[in-house]
Amino acid sequence: MKNDWWKKAVVYQVYPRSFCDSNGDGIGDINGITSKLGYLKELGVDVIWISPVYQSPMRDNGYDISDYCAINPEFGTMADFDRLLEKAHALKLKIIMDLVVNHSSNEHSWFQESRSSPDNPKRNYYIWRDGRSEGGQTMPPNNWKAWFGGSAWSKDEATGQYYLHLFSPWQPDLNWDNPALRNEVYDMMRFWLDKGIDGFRLDAISFISKPEKFTDGNVKQIIPNGPRIHEYLQEMRQEVLSKYDIMTVGETGGVTVDEAVQYANKDGTELDMVFQFETVELDGGETFKWNDRKIILTELKEVLSRWQNKLHDRAWNSLYWCNHDQPRIVSRLGCEGNLPGDAGLREKSAKMLATCLHFLQGTPYIYQGEELGMTNTPFSDISEYRDLECINAYNTLVLEEKLISKEDMLRFMGLKSRDTSRTPMHWNNRQNAGFMPENTVSPATEPWIKINQNYTEINAEEQMRRPGSVFSYYQELIKLRKTMDIITNGNFELLLPDHSDLFVYTRKLHQKKLLVVCNFISEERIFVMLEGFNGKDVLITNEDASRSYTTVVDSQGYKQRPSVVLGPYGAVVYQS
């Protein structure tokens, strides 16, 4: 019988490079993660998702893997990883690994062999094509553009053919049509699962099946959900995943809710859940992220509600606001608290956003620092950025094509760059936010990327000892999820879909009901109480005890039901 333990679990994502540096070299590491397991246990999470720590040249911060069965020395050793796994399991914490199998590093031995000769046995581990002739010149096989800029094809001078790379020339795509390649991947997955890890987050997994014909077009529309994707995932399930009691989540760019029903079907023939991108694309996202558009609440409600209702009892949702590829949600949808009169609104908006997400059906994911209400880190110049995606975009859009001014692009990057959330975790208010040991061998060593200077106000040490902190609020949300079946299994219904400021929904299971009311703006809003709720049975709220109730009178002078006045970024959950 399938054990769906992950349905009540809460997952915490660790970005190792920025989580905790144990040896003072400016780079977070595996031993740093091990040193903070007690913190994660106290928070109450069940699963730790670790971004890649494999051997890598780090062109894309570890998402370019050169050896799947080795640990990158900058993160530690395999013995360090084994110790982390052992200590996590002793605390009843599970570990899932981030696995990138759409592409590898161009330094992987497979690719080195593949490019050595057209006759090499590993030639077809990757995707090679002849160029096309235009005006007497040899051009790439088609006009596809890579996610990180430039052509999606690079010519290898040794053999004269082009290889496909959807992201960057340093990340050649693997050829999943080759059974020998698939078997290599499955053997590698067994290596980690036999060690005792508890599952995988599968990066860019909806891209692994390429089209039969490589015709010109928009690669972001052509590549996702290819013709053999479900065949491959079903084979992976049969050959590997079904043999272990684990969880799997797929990063599925381009997936629709109807397609997700097949990826994450309740029969468990493929993956356990997927990450959808519709929510995070509402302000430009993967289409064209370099802008200052804001997410419109009515659009957000429509997307989240559609996924809640269409997946209910058919597949399983994953719930997230943040991760290593997204800006921090307090900066995106809440209040950073930097302006006069905004005191306290950062924490309040962080709690409101957590309330809205954690009462939905699905497995919630917390990105490191989200439980503290961390905000985007401001950068002043392109030299402070480290992310391949935004550096390439700056070079292309500002310096080469001159489509965006330097000032505008830096502003857009401050809102949308992946680096805004990849900066070091705030552990305390001392030097380098406690990210590095204070007695580091070389005091001149700097963290690998800039630290947000608001760490003196926002840090784990302060919040763990203060009642009413964002950290303590997350603790309460996690406890409720583990004890209330209605959160796991209840029906979802959206109320007030056209309201521009309030996100209101109910959850129902048998005779029990929950009412969730969240105010997404910095002004008061009134909500007329739903019939069946008396306004007194509050399960959790981010408002203080002075939160007021009132009676609304309509235009004809008739009294309506009792109402609740929600303060700026107020959130309240009622039970009946």
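Each remark here, short or long, concerns the structure printed above.
Below you will find a few notes about this structure. (Residues numbered from 1 in each chain as written. Predicted model: local features only at pLDDT ≥ 70, side-chain atom pairs only at ≥ 80, totals over all residues. Heavy atoms only, no water.)

1. Regarding the overall build of the protein
The criterion, for reference: Going along the chain from the N terminus, every DSSP run of H or I of four or more residues is numbered as a helix, and every run of E of two or more is numbered as a strand. To get the radius of gyration, use the C-alpha atoms; to get the globule rule, take the number of residues to the power 0.38 and multiply by 2.2 Å. Note on classification: 1.4 Å probe, protein chains only; a residue is buried when its accessible area is under 20% of the maximum for its type, exposed when over 50%, partly exposed between these limits. The contact criterion used throughout is that any non-hydrogen atoms of two residues lie within 4.5 Å. Where accessible areas are quoted, they stem from the Shrake-Rupley method and a 1.4 Å probe; at the residue level, only the protein chains shown are allowed to cover. In this charge count, Lys and Arg are treated as positive and Asp and Glu as negative; neither His nor the chain ends contribute. Charged groups are reduced to one reference atom each: NZ for lysine, CZ for arginine, CG for aspartic acid, CD for glutamic acid.
Within the protein one finds 17 helices and 23 strands. Here the C-alpha radius of gyration of the protein, 24 Å, is about what a compact globule of 576 residues would show, namely 25 Å. Along the first, second and third principal axes, the C-alpha set of the protein runs to 85 × 55 × 55 Å. Each of the 576 residues in the protein was classed as buried or not, and the buried ones make up 60%. Considering only residue pairs separated by 6 or more positions, the protein has 71% of its internal contacts joining residues 24 or more positions apart. For the protein, the exposed surface amounts to about 22800 Å²; the carbon and sulfur share of it is 48%. For the protein, the distance from the average site of its 64 positive side-chain charges to the average site of its 80 negative ones is 4 Å.

2. Points about the pattern of salt bridges
Once their charged atoms are close, side chains differing in charge can pair, the charge on each being opposite to the other. Under the convention used in this document: Whenever a carboxyl oxygen of Asp or Glu lies within 4 Å of a side-chain nitrogen of Lys or Arg, that contact is scored as a salt bridge.
For the structure on display, the rule yields 46 salt bridges. A salt bridge links K195 to D82, with the shortest nitrogen-to-oxygen separation between them at 2.7 Å. Of this pair, K195 sits in helix α6 (residues 179-195) while D82 sits in helix α4 (residues 78-90), placing them 113 residues apart in sequence. Taking the shortest distance from any N to any O, the salt bridge between D313 and K266 comes out at 3.9 Å. In this pair, D313 sits in the loop between α10 (297-311) and β14 (318-319) while K266 sits in the loop between α9 (257-263) and β13 (273-275), placing the two residues 47 residues apart along the sequence.

3. With respect to the pairing of strand β18 (residues 512-519)
To keep things clear, this is the line we draw: By the convention used here, strands pair only if DSSP detects at least 2 bridges between them.
For β18, the buried fraction is high: six of the eight residues fall into the buried class. Hairpin connection between strand β17 (residues 502-509) and β18: a loop of two residues separates the two successive antiparallel strands, and H510 in this loop has a positive phi of roughly 55°. Here β18 pairs with strand β23 (residues 571-575) via five bridges, running antiparallel. Counterpart to L514 in the pairing with β23 is Q575.

4. Focus on the packing of aromatic side chains
Here is the rule: Only the six-membered ring of Trp is used, alongside the rings of Phe and Tyr, when aromatic pairs are assigned; centres must lie within 6.5 Å, and planes under 30 degrees apart are stacked while those over 60 apart are edge-to-face, with the rest tilted.
Inspection of every chain in the model, using the stated rule, returns 32 aromatic pairs. With a centroid separation of 5.7 Å and an interplanar angle of 80°, the aromatic rings of Y54 and W192 are classed as edge-to-face. With Y54 in strand β3 (residues 54-55) and W192 in helix α6, this residue pair connects regions lying 138 residues apart in the sequence. Neither residue differs from the other here; Y54 and W192 are each classed as buried. Here F379 and Y385 contribute two aromatic rings whose centre-to-centre distance is 4.5 Å and whose plane-to-plane angle is 40°, an arrangement assigned as tilted. Note on accessibility: F379 and Y385 belong to one class, buried.

5. Observations regarding the pairing of strand β11 (residues 199-203)
Counting buried residues in β11 gives five out of five residues, a clear majority hidden from the surface. The alternating pattern of β11 places G199, R201 and D203 and F200 and L202 on opposite faces, both of which are buried. Looking at chain direction, strand β5 (residues 94-100) and β11 are connected through four bridges and run parallel. From the neighbouring strand, D98 faces β11, where its bridge partner is R201.

6. Concerning the sheet that holds strand β9 (residues 153-155)
Judged by pairing direction, the sheet is antiparallel, and its three strands sit side by side in the order β6-β10-β9 without closing on themselves. Because the sheet does not close on itself, it has two edges, and the strands there are β6 (128-129) and β9. Across three bridges, β9 lies against strand β10 (residues 162-164) in antiparallel orientation. Of the residues in β10, the one forming a bridge with W153 is L164.

7. What about the sheet that holds strand β20 (residues 538-541)?
Through backbone hydrogen bonds, the strands of a sheet pair up, either in parallel or in antiparallel fashion. In plain terms, the rule: Each axis is a line fitted through C-alpha atoms, taken for helices only over the stretch in contact, and angles between the N-to-C directions span 0 to 180 degrees.
In spatial order, the strands read β16-β17-β18-β23-β20; together these five strands make up an open sheet with antiparallel pairing. Both outer strands of the open sheet, β16 (491-495) and β20, are each paired with one neighbouring strand and no more. The average angle at which neighbouring strand axes cross in this sheet is 15°, direction not considered. For β17 and β18, the ladder comprises eight bridges, and the chain directions are antiparallel. What sits directly across from K508, in β18, is K513.

8. Digging into the nonpolar core
A general trend in soluble globular proteins is that nonpolar side chains are found buried together. Definition in use: Residues belong to a common nonpolar core when they are buried Ala, Val, Leu, Ile, Met, Phe, Trp, Tyr or Cys residues joined through side-chain atoms within 4.5 Å.
If you look at the biggest cluster of nonpolar residues, it comprises 142 residues, and the most contacted ones within it are Y12, W176, M189, W321, F359 and F520. Judged by nonpolar contacts, the second largest core, of 17 residues, contains I127, W144, L164 and L166.

9. Focus on α6
Definition in use: Multiplying 1.5 Å by the residue count of a helix minus one yields the expected span of that helix. The directions from the helix axis to the C-beta atoms are what the arc is built from. Think of a polar contact as two N or O atoms within 3.5 Å of one another; within protein, one of them needs to be a possible hydrogen donor and the other a possible acceptor, and neighboring residues in sequence only count if both atoms come from side chains.
For α6, spanning 17 residues, the distance from its first C-alpha to its last is 25 Å, which sits close to the expected 24 Å at 1.5 Å a residue. Looking only at α6, the buried set comprises L181, R182, V185, Y186, M188, M189, W192 and L193. Buried residues along α6 cover an arc of 160° about the axis, so they all sit on one side. Two to three positions downstream of the cap, the backbone nitrogen of A180 sits 2.9 Å from a side-chain oxygen, assigning the N-cap of α6 to N178. G196 sits one or two residues past α6 and shows a positive phi near 115°.

10. As for the side chain of S209
Following the sequence through the fold, S209 ends up in the loop between β11 and α7 (219-222). At a separation of 2.8 Å, a polar atom in the side chain of S209 contacts the main-chain amide nitrogen of R228. With residues near it in sequence (within four places) discarded, S209 still touches I223, G226, P227, R228, I229 and Y232.

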